[in-house]
Amino acid sequence: MNTPRQNRIEILYRFLRGINKTILECYSTDQNLEDTFFTSICNVAVDIFAEFAWVGLFDKSKNMITPSYYATSKQEHRDYLNYLYIPINDELLGKGPAATSFKQNKVVIIEDTETNELFKPWKDEAIKHGFESSAALPIRKHGQIIGVFGIYCKYKNFFQEEEINLFEELSSDIELFLDNIEDDMLLQSMENALSKFIDVFILTDKDGYITHIGDKSLKFFGYKKEDIIGKNINIFHVEEATTYKNYYEEFYKKIDNNEEYEGVVPCKSKDGYALVNMVAIPLKNSGYLYIGNDISKQKALEEHINFLINQDLITNLFSYNFLMTELDLHVSRANEIAQTGLAKYTGALVLIDIYRFTYINDIYGKKIGDKVLKEIAIRLKQTFRPTDTISRISGDTFGIILIDLDKKEDVIYLLDKVKKTFETPIYVDGHYMNVSFQIGISIFPDDGPTAEEVYKKADIALAKAKQGPEWLYVFYTDELNIRASEFLLYKRHLENAFENNEFVLYYQPYFDIKSLKIVGFEALSRWISKDLGLVPPIRFIPILEETGLISKLENWLVDRVCQDIKKLSEIFGHIPPMSINISALSFKTEDVYTKVMDIIRRYKDFTGDCIAVEITESVFLENVSKAIDTLIKFKQSGFKTSLDDFGTGYSSFSYIKDLPIDNLKIDISFVRDILKNIKTKSIVKTIIELAHNLGMKTIAEGVETKEQLEALKDLGCDYVQGYLLAKPMPLEELISFIKNSENQA
């Protein structure tokens, strides 16, 4: 994927400014300067554009470059460090970009990872991580090469030979910083290091009076040093620049609070004023350092003007122009991904029209109407993700670009969050106002190959929505309208399902594969709606998770299971453990252990060994250590633990060995295919052997035939569950089943 040249240049200049800012910040720290600096430049690269960045220092004893500092946009990119074996010799690995940069003291650009021969030893792993282009910069200190700075980008041709001089200057500036970090004349060193990139370099004391101004700054403003030294920094304030009043307010607010400021400030010069992209950095108890660029000289004026054009001045959201520019980028990206056939990208354009907004303007006036728009903008920002683009595209219509959706239905859940956000009335100038919307949605790339087509179809959908009542949202695609209607239908009925006692529990035993004796049960929630009938869990569980009602269902389930265990124990004595399923969402948002134990303690003489906690691999996605700690608590209280659907999700040997798990459940998809596919059979065998090596048992789900049972027995599976031996059943039926099983035994 390529990125336009203008965007590349703008991003690279932002990168340079970020590195320069890092140099200044490192001068004012008491920490180890080199460590701080190398870590910071990696972070700057990743924060602005890079997928992965590292600094490797030369290890003379091993004659190789060793990665010592790094930053990454994604946790999985850390694995790439394992492949950064870079010897300084004539082997193939010693001829790569980093080694070449080190040996030849030059910047090495890799425009295309896939085609560049220098990158061949790392190509496959780099492409796997999405590193499409890269650059290697030599790091020098006192004229000696000491290491390499590697930067990786997800776009092909992002780094190009025509900008190599820019990176060479950056390499020289890094060298100058390293040369001077122990120099007492830090002030002059900073100014020299930044002189190629900045026009303004000013120091003030803590009261804002200028103590130093660089020669280049004097030339830029057209003043003499004696006109400036000792004057307050506000000497550069431009009274007539009313257009930039808001910038001044933010600037002085930050300065008065001794906080860092970064933004555009109009600065008075001898011949008028200049727009300066200014960074103001508080120094430790000694004042402020101001550095900045004339944004016209840095080719950033166009970017700033575009920003003003693309901003809605009432709400501070983006405008229609910006929305379409961003939509074009995301639709193009979606099409490129789709064309590879390797992955699928899902995004959406949501057009939100305020229901009967003209009444607000007519009744309360435009001034209050504008304040309502501002409050709507604030709430929309709170509702959507930071990665989503929110804009005001006309008087009462907002546009939102949703990117990187896991599935199309995620739009429905996000729109339901919008509705919840606006259940609370907006309060403006003593008036409470209920605000609602009508919404049109298109999905890309499914609904169109271009931004214009995607927007047109969202607009068509919005027109249909505006023909109906408030809070109606319409997709351009009928299939999603059906799903949205289904979601709203189920959600409405689910809200009453608890009060109406519409949930029931079914139990499905699982058996020892050799003796076929019952060794446990799994508690399964079923929803029997008085209006909809029996609704499958696959339909209502995701809605419970999205609406936050899943915790309520789990509380009910645990309490009901405890009641049923007590009844079974009175009949049969001690029974095998009963498995309860706990959602990943609950693990993330609640203290699951305390919740379950609080319910269990209501039942006298009830112990944890009566219950098994069953989870899926997604529990470990965000916080492995927290999930493990919770499972350990369950284990210490006597609970058995099971990992469901193993092998279908996010399996990783890096954490599976550390899990306090008693049973691995082999997913039904493997069991159904075990007799048809030799590879599936091999996977099942591997899972069983892995479990046994880690001291775990295996439970195969969905066993429906004797042939499957025999195959699993031959592979060494421990327990089986499925319709061949027992279907899910209500409690009374389970009691009869257990009695019959005991009689047969």
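Procedures and definitions
The numbering scheme is per chain: residues are counted from 1 as the chain's sequence reads. Restriction of local features to residues with pLDDT of at least 70 applies here, the model being predicted, together with a cutoff of 80 or more for giving and counting side-chain atom pairs; totals for whole chains, interfaces and linings are based on all residues. Think of the side-chain values as coming from all heavy atoms in the structure, minus any hydrogens and water. A pocket, in this scheme, is an open set of points on a 1 Å grid over the protein atoms alone with protein on both sides within 12 Å along at least 5 of 7 lines, while a cavity is a set where a 1.4 Å probe fits but cannot get out; residues line either one if an atom lies within 4 Å of a point. Grid points are joined across faces, edges and corners, and a volume is the space filled by probe spheres set on the points. Every helix listed is a DSSP run of H or I at least four residues long, and every strand listed is a run of E at least two residues long, numbered separately from the N terminus. Each residue is assigned to one of three groups, with Ala, Val, Leu, Ile, Met, Phe, Trp, Tyr, Cys and Pro labelled nonpolar, Asp, Glu, Lys and Arg labelled charged, and all others, Gly among them, labelled polar. Helix span, as expected, comes to 1.5 Å for every residue beyond the first. Exposed residues in this analysis have more than 50% of their type's maximum accessible area, buried residues have under 20%, and partly exposed residues fall in between, with area computed by a 1.4 Å probe over protein chains only. In this description, one arc is meant: the one made by directions from the helix axis to the C-beta atoms. We call two N or O atoms a polar contact when they sit within 3.5 Å, provided that within protein one can donate a hydrogen and the other can accept it, with sequence-adjacent residues counted only if both atoms are side-chain atoms. By definition, two strands form a pair when at least two bridges between them are found by DSSP. When two rings of Phe, Tyr or Trp (its six-membered ring) have centres within 6.5 Å they constitute a pair, described as stacked for plane angles under 30 degrees, edge-to-face for angles over 60, and tilted for the intermediate range. Here an axis means a line fitted to C-alpha atoms, over the contact stretch when the element is a helix, while the angle between two N-to-C directions is reported on a 0 to 180 degree scale.

Novice: Give a detailed account of empty space enclosed by the protein, specifying residues and quantitative values.
Specialist: Taken as a whole and judged by the stated rule, the model has three cavities of 30 Å³ or more. Looking at the largest cavity, its volume works out to about 120 Å³. In this structure, the largest cavity is lined by 17 residues; those nearest its centre are W54, P97, A98, F119 and Y152. Within the residue set of the lining of the largest cavity, elements represented by two or more residues are α3 (97–104), β5 (133–141) and β6 (144–153). At four residues, β6 tops the list of elements feeding residues into the lining of the largest cavity. Residues belonging to the lining of the largest cavity are distributed by class as follows: 14 nonpolar, three polar and no charged.

Novice: Quick rundown of helix α24 (residues 678–693)? Include the residues and the values.
Specialist: Turn by turn, an α-helix covers 3.6 residues, leaving residues three or four places apart pointing in a common direction. Its 16 residues place the ends of α24 22 Å apart at the C-alpha level, agreeing with the 22 Å of an ideal helix rising 1.5 Å per residue. Three or more residues of α24 are buried, namely T680, V684, I687, I688, L690 and A691. Taken around the axis of α24, the buried residues stretch over an arc of 165°, which confines them to a single face. The exposed residues of α24 that point more than 90 degrees off its buried face are I678, K679 and N693. Two or three places before K679, at the opening of α24, N677 has a side-chain oxygen 2.8 Å from that residue's backbone nitrogen. Trailing α24 by a residue or two, G695 shows a phi angle of about 80°, which is positive.

Novice: How would you sum up helix α14 (residues 410–421)? Please name residues and give values.
Specialist: Helix length check: α14, at twelve residues, gives a terminal C-alpha distance of 17 Å against a target of 16 Å (1.5 Å per residue), a fit within 8%. Residues of α14 that are buried include every one of D410, V411, I412, Y413, L414, L415, D416 and V418, and no others.

Novice: Account for the pairing of β6, with residues named and values stated.
Specialist: In terms of residue burial, β6 counts as a mostly covered element, since seven of its ten residues are buried. Here strand β1 (residues 52–59) pairs with β6 via six bridges, running antiparallel. When the sheet's bridge partners are listed, G56 is paired in β6 with V148. Two elements, β5 and β6, share nine bridges in a ladder whose sense is antiparallel. Bridging across to β6, S134 finds its partner in Y152. With antiparallel pairing between neighbouring strands as the criterion, β5 and β6 make up a hairpin whose turn holds two residues, including H142 at a positive phi of roughly 55°.

Novice: Describe in detail the packing of aromatic side chains, supporting the description with residues and values.
Specialist: Here a ring pair, both rings aromatic, is described through the centre-centre distance and the interplanar angle of the planes. Following the criterion strictly, the structure yields 41 aromatic pairs and no others. Pairing Y345 with F444 gives two aromatic rings, centres 6.3 Å apart and planes at 25°, and the pair type is stacked. Note that Y345 is positioned in the loop between α11 (320–340) and β12 (347–354) and F444 in strand β17 (residues 437–444), a separation of 99 residues in sequence. Pair check on accessibility: Y345 and F444 agree, each one buried. Between Y427 and Y432 the ring centres are 4.7 Å apart and the planes differ by 50°, which places this aromatic pair in the tilted class. Given a relative accessible area of 62%, Y432 falls into the exposed group. Feature note: the residues F52, Y70, Y80, Y83, F119, W122, F131 and Y152 constitute an aromatic cluster, connected by ring pairs.

Novice: Help me get a handle on the sheet that holds strand β10 (residues 272–283), residues and values and all.
Specialist: The five strands lie next to each other as β8-β7-β11-β10-β9, forming an open sheet whose pairing is antiparallel. The open sheet is flanked by β8 (210–213) and β9 (261–269), the only strands paired with a single partner. Between one strand axis and the next, the sheet turns through 30° on average, direction left out of account. Inspection of the sheet shows β10 paired to strand β11 (residues 287–294) by eight bridges, in the antiparallel sense. Within the sheet, the bridge partner assigned to V276 lies in β11 and is D294.

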